Amino acid sequence: QVQPVESGGGLVQAGGSLRLSCVASGSFLRIDAMGWYRQAPGKQRELVAIISGGIPNYVDSVEGRFTISRDSAKNTVYLQMNSLKAEDTAGYYCRITARREGGNSYEYWGRGTKVTVSS
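These numbers were taken from a predicted model, which means no experiment stands behind them.

Q: Got a sec to walk through the pairing of strand β4 (residues 30-39)? Specific residues and values, please.
A: A large share of β4 lies buried, amounting to eight of its ten residues. Two strands pair when backbone bridges link them, and β4 and strand β9 (residues 90-99) are joined in this way by nine bridges, in the antiparallel orientation. Note on β9: the bridge partner recorded for Ala33 is Thr97. Looking at chain direction, β4 and strand β5 (residues 46-52) are connected through six bridges and run antiparallel. Across the sheet, the residue bridging to Arg38 is Glu46, located in β5. Here β4 folds back onto β5, and the loop between the two strands holds six residues, one of which, Gly42, carries a positive phi near 75 degrees.

Q: Can you lay out the side chain of Asp32 for me, pointing to particular residues and giving the numbers?
A: The topology assignment puts Asp32 in strand β4. When residues no more than four places from it in sequence are discounted, the contact partners of Asp32 are Ser52, Gly53, Arg70, Thr97, Arg99 and Ser105.

Q: Provide a residue-level description of the nonpolar core, including the pertinent values.
A: Nonpolar side chains tend to gather and get buried jointly when the protein is soluble and globular. If you look at the biggest cluster of nonpolar residues, it comprises 28 residues, and the most contacted ones within it are Trp36, Leu79, Met81 and Tyr92. Contributions of two or more residues to this core are made by β3 (18-26), β4, β5, β7 (66-71), β8 (76-81), β9 and β11 (113-118). In terms of residue count, the dominant contributor to this core is β9 (five residues). Once residues within four sequence positions are removed from consideration, Met81 is found in contact with Gly16, Ser17, Leu18, Leu20, Arg65, Phe66, Tyr92 and Val115.

Q: Please give an account of the environment of Val115 that cites residues and values.
A: Looking at the secondary structure, you find Val115 in strand β11. The exposure class of Val115 is buried, given its relative accessible area of 1%. Spatially, the C-alpha atoms of Val115 and Val12 are 8.0 Å apart, while their sequence positions differ by 103 residues. The contacts of Val115, once residues within four sequence positions are left out, are Gly9, Gly10, Leu18, Leu20, Met81, Asp88, Thr89, Ala90 and Tyr92.

Q: Any details on the state of the cysteines? Residues and values, ideally.
A: Considering all chains together, one arrives at one disulfide under this definition. Each disulfide pairs two cysteine sulfurs, and for Cys22 the partner residue is Cys94, the sulfurs being separated by 2.1 Å. In this structure the cystine formed by Cys22 and Cys94 twists about its S-S bond by roughly -80 degrees; its chirality is therefore left-handed. Here Cys22 is found in strand β3, whereas its partner Cys94 is found in strand β9, with 72 residues between them in sequence. When sorted by exposure, Cys22 lands in the same class as Cys94, which is buried.

Calculation rules
- Along every chain, residues carry numbers that run from 1 in the direction the sequence is written.
- Given that the model is predicted, a residue must reach a pLDDT of at least 70 before its local features are reported, and side-chain atom pairs must reach 80 or more before they are shown or counted; all residues, however, enter totals for whole chains, interfaces and linings.
- Excluding hydrogens and water, the side-chain values take into account all heavy atoms of the structure.
- Relative accessibility under 20% of the residue-type maximum defines a buried residue, over 50% an exposed one, and the middle range a partly exposed one, all with a 1.4 Å probe and only protein chains included.
- A run of H or I in DSSP counts as a helix once it spans at least four residues, and a run of E counts as a strand once it spans at least two, with each numbered from the N terminus.
- In this description, strands pair whenever DSSP reports at least two bridges between them.
- Residues count as neighbours in contact if any of their non-hydrogen atoms are within 4.5 Å of one another.
- Throughout, nonpolar core names a set of buried Ala, Val, Leu, Ile, Met, Phe, Trp, Tyr and Cys residues whose side chains join them through atoms within 4.5 Å.
- Note on disulfides: each one is a pair of cysteine sulfur atoms within 2.5 Å.

Put into structure tokens, the structure is as follows:
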């Protein structure tokens, strides 16, 4: 079992910054990928950033403003969000791809943390 837990969301003004954290606890052989998704009211959930094999990737709308990083020793992924815009307002969800015994991998989702950017 793997339980991702997000933290760091809140209310900020446009132009401000937040840092989200996601800690993966439980039993697994290794984590293959850790990513952040977001879902705004009335919209589809979209990938924001993902890191796998040490390589980060971002959706175009956050490129240059957000930075994803991983601390393997702590099983933690971070999302540093700078120059926040009103359109960044959404629930942010952590997704972990973890490999278990036998080589099977599974997707695990956190419950999310809310980010609200006011103008």
